[in-house]
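# Report on the structure
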Amino acid sequence: MSSPAPLPSHTPLPSRAPLPPRTPLPPRTPAAARSPLRGRLPSRRRLLALGRAELTLLVRNRTALFGALLVPLLMVEAVRSSLKSVDLGKAGTSIAEVAVTGAIGMALLIGVYSNLVAAFVARREALVLKRLRTGEPTDPEILTGIALPAATLALVQSAVLTVGGIAVLDLPVPARPDLLLAGVALGTVLLTTVAAATSAVTRTPESAQLTALPLVLISSLGSGLFVPLSMLPDGLASVCELLPVTGVMTLVRAGWSGGVAAGDLLGATTATVAWIAVSVFAVQRWFRWEPRR
């Protein structure tokens, strides 16, 4: 019997050529040494994305949209009817001017302040703020993105009221349009930050109208929206000058009529900026990103 054939010997694998040495990666720049400009400027793309999403929600909320669009326009006719028997000549203004400037103030109070209190609370209770905070947007970007549609709507409506006052009510062209624009812009920033601060004490979106109501009423009566401060008693007028929206309305009225002393303009601007600073501090200290327990 023949012996089995020998098994083939294992053929050694050819030796692999040595890999070239890796090029070391450049060291990662520490966060503290990065450009501060990149960290501070908000991303335009993120802001626009947040703004588009919030605009969609605003359009779906018919009640909020109706209040923001129509209430200021209806206030023009209501104020004109209620002030027909009031002599505003001593205050250096007219019924049409009071109606239009007051409607601009209401566009800020309702379109920006009231709507944003409800928006911030609704996004918080739906855990939207919490989810956004775990992503790329910074805290200022989140708040600014949510406020972007309401702020834009208020600015557009202020422009429409201005043009309508000139074309329909025969008002003269604003003597200082720069002051009018500054008042609307500062008012938008102020009421956005105040809305964020107010949301901290608001439990549900349904209760937002109640928590926003005191500032709306106080500002309507005491900040010169429909009754010029010069027509109030001196003591009461001095107190009303300290209200948050008074400085904004002073700038708006000065933009229409002009001839306001530089000291009054400086005081109004300083008071508005001070209220913005206080509101920003309140937001940083008490704003809630998660639902209230």
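Our subject is the structure that appears above.
Read on for an overview of the structure. (Residues numbered from 1 in each chain as written. Predicted model: local features only at pLDDT ≥ 70, side-chain atom pairs only at ≥ 80, totals over all residues. Heavy atoms only, no water.)

In this section: the packing of helix 6 (residues 139-167) against helix 7 (residues 177-199). Helix 7 packs onto helix 6 with a crossing angle of 150° between their chain directions and a minimal axis gap of 11 Å. Here helix 6 is positioned roughly antiparallel relative to helix 7, judged by the angle of their axes. Where helix 6 crosses over helix 7, the two elements pack in a sense that is right-handed. In contact with A147, A151, L155, S158 and T162 of helix 6, helix 7 contributes L180, V184, T188 and T192. Of the residues in the contact of helix 6 with helix 7, the class split is 5 nonpolar, 4 polar and no charged. (Axes fitted to C-alpha atoms, helices over the stretch in contact; angles between N-to-C directions. Helix = DSSP H or I, 4+ residues; strand = E, 2+ residues; numbered from the N terminus. Parallel < 35°, antiparallel > 145°, perpendicular 65-115°, else oblique. Left-handed = near helix turned anticlockwise from the far one by under 90°. Contact = heavy atoms within 4.5 Å. Nonpolar A, V, L, I, M, F, W, Y, C, P; charged D, E, K, R; others polar.)

Our next topic: the packing of aromatic side chains. According to the stated counting rule, one finds 3 aromatic pairs in the structure shown. Plain terms: the ring middles of F281 and W286 are 6.1 Å apart, the flat faces sit at 85° to each other, and that makes the pair edge-to-face. Ring geometry for F287 and W289: centres 4.9 Å apart, planes at 75°, overall edge-to-face. We note that F287, like W289, is buried. Ring pairing ties together the aromatic residues F120, F287 and W289, which thus form one cluster. (Phe/Tyr/Trp six-rings, centres within 6.5 Å; stacked < 30°, edge-to-face > 60°. Buried < 20%, exposed > 50% of the residue type's maximum accessible area, 1.4 Å probe, protein only.)

For the rest of this paragraph, the subject is the pattern of salt bridges. Enumeration over the complete set of coordinates arrives at 6 salt bridges. The salt bridge partner of E141 is R46, with a shortest N-O separation of 2.9 Å. In this pair, E141 sits in helix 6 while R46 sits in helix 2 (residues 44-60), placing the two residues 95 residues apart along the sequence. Among the residues examined, E141 registers a relative accessible area of 3% and is labelled buried. For R133, the salt bridge identified is with D139, shortest N-O distance 3.0 Å. Taking relative accessible area as the criterion, D139 reaches 28% and is therefore assigned partly exposed. Each member of the salt-bridge network shares a partner with another, and the members are R46, E136 and E141. (Salt bridge = Lys/Arg side-chain N within 4 Å of Asp/Glu carboxyl O.)

Within the fold, C240 resides in helix 9 (residues 234-240). On the basis of relative accessibility, which here comes to 7%, the residue C240 falls in the buried class. What C240 contacts, discounting residues up to four positions off in sequence, is G222, L229, L232 and T246.

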